[in-house]
Amino acid sequence: MTSEKLNRPAMGIMFILMGVAAISVNDLLVKMLSGGYPLHQTIWVRSFVGLMFSLVFLYLEGGVKMLRTSTPGIHALRGILIVFANMTFYAAVAVMPLGQATALFFVAPLFITLLSIPLLGEPVGPLRLGAVVVGLIGVIIVQQPWSDEGTVSRWVLFLPVIAAFLYAFTQVLTRKLGVSTPASALAVYIQSTFLIVSSGFFLIAGDGRFAEGVDNESVTFLLRAWRWPEAQDVPVFLGLGLCSGGIGYCLSAAYRSANAATIAPFEYIGLPLALFWGWLAFGEWPDAAMWLGCALIIAAGLFVFLREQFKNRPQPGRRGRWGRR
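Residues numbered from 1 in each chain as written. Predicted model: local features only at pLDDT ≥ 70, side-chain atom pairs only at ≥ 80, totals over all residues. Heavy atoms only, no water.

A. Spotlight on the overall build of the protein. Across its full length, the protein holds 14 helices and 0 strands. Element order for the protein, N to C, with α for helix and β for strand: α-α-α-α-α-α-α-α-α-α-α-α-α-α. Relative to all contacts within the protein whose residues are 6 or more apart in sequence, the contacts with residues 24 or more apart total 86%. (Helix = DSSP H or I, 4+ residues; strand = E, 2+ residues; numbered from the N terminus. Contact = heavy atoms within 4.5 Å.)

B. Focus on the confidence of the model for the protein. Per-residue pLDDT for the protein has a mean of 82; in total, 87% of the residues score no lower than 70. Every residue in residues 317-325 scores below 50 in pLDDT, and together they form 11 contacts with partners more than four places removed in sequence or on other chains. (pLDDT = per-residue confidence, 0-100.)

C. Quick look at the environment of L157. For L157, the location among the structural elements is in helix α7 (residues 154-157). Its relative accessible area of 4% is what places L157 among the buried residues. The sequence separation of L157 and V95 amounts to 62 residues, and the corresponding C-alpha distance is 9.8 Å. (Buried < 20%, exposed > 50% of the residue type's maximum accessible area, 1.4 Å probe, protein only.)

D. Geometry of helix α2 (residues 39-60). Here α2 contains 22 residues, and its C-alpha end-to-end distance of 31 Å stays within 8% of the 32 Å for a straight helix at 1.5 Å per residue. A positive phi of about 140° marks G62, the residue just after α2. (Expected span 1.5 Å × (residues − 1).)

Encoded structure:
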């Protein structure tokens, strides 16, 4: 793909908005199914349908030959990290408010900043490190460890943060890889990895024996037995597949169409969308502390992105003045 095609910010923003909207609907549908189906079944059905859509996109972008790669190991590692990031996040979504889980996940850009130091050798100065600290304070406020009113165990509150770390690791790995693979091929790789991992869960735990006697709802969601979908749930599963195909393609296309610093801030529309779906479908509404924590996380993440963009912009007459940011 030429450099001209890789510098289309308007297209990148369009794709990221579509992808984030699909993610918000996807999270809503997973939460709706979490009470009756195991997570690995939900992911398997979602990924199977999503793979069908991804293969159509692949055909339109050049066919099976676009799947050829000289770095299959890195693609496999990237896929596994995304799979476990998703599974960790959805294990949290099953038992905690959708908006709260999403807010905690948005610490991912801050983890990307931290991981870029050892993995990419990128200099990160005091201002961006300060933003990371502010964002982590926001995480603590959202988790509200001082409160005894929550019905979710403390360790479950860390699941979206763990998911954010795994997702951040994936993005840093992608940056290090310098992916030149078409968006449709990237989506096929990811969907195939989801299918392989969820099939493994089915072979090991599909009969539900590991969920027997377990009281924790997140663990039960991960390990309960597979069952045939009820008629009213079939459209939900199909919707998940459609969202999955759209997410895989749109996010890959977005980050291949424009600079990450340009489009990444638009990912934050996912938080108000999650709050909206949580309120509409489950009657969830954040309290004052959560609003404050969300504001700190978003402000810190946006600062990191804007600072990164400013750092990479030529500064005539100021070479070396600002040092490491």
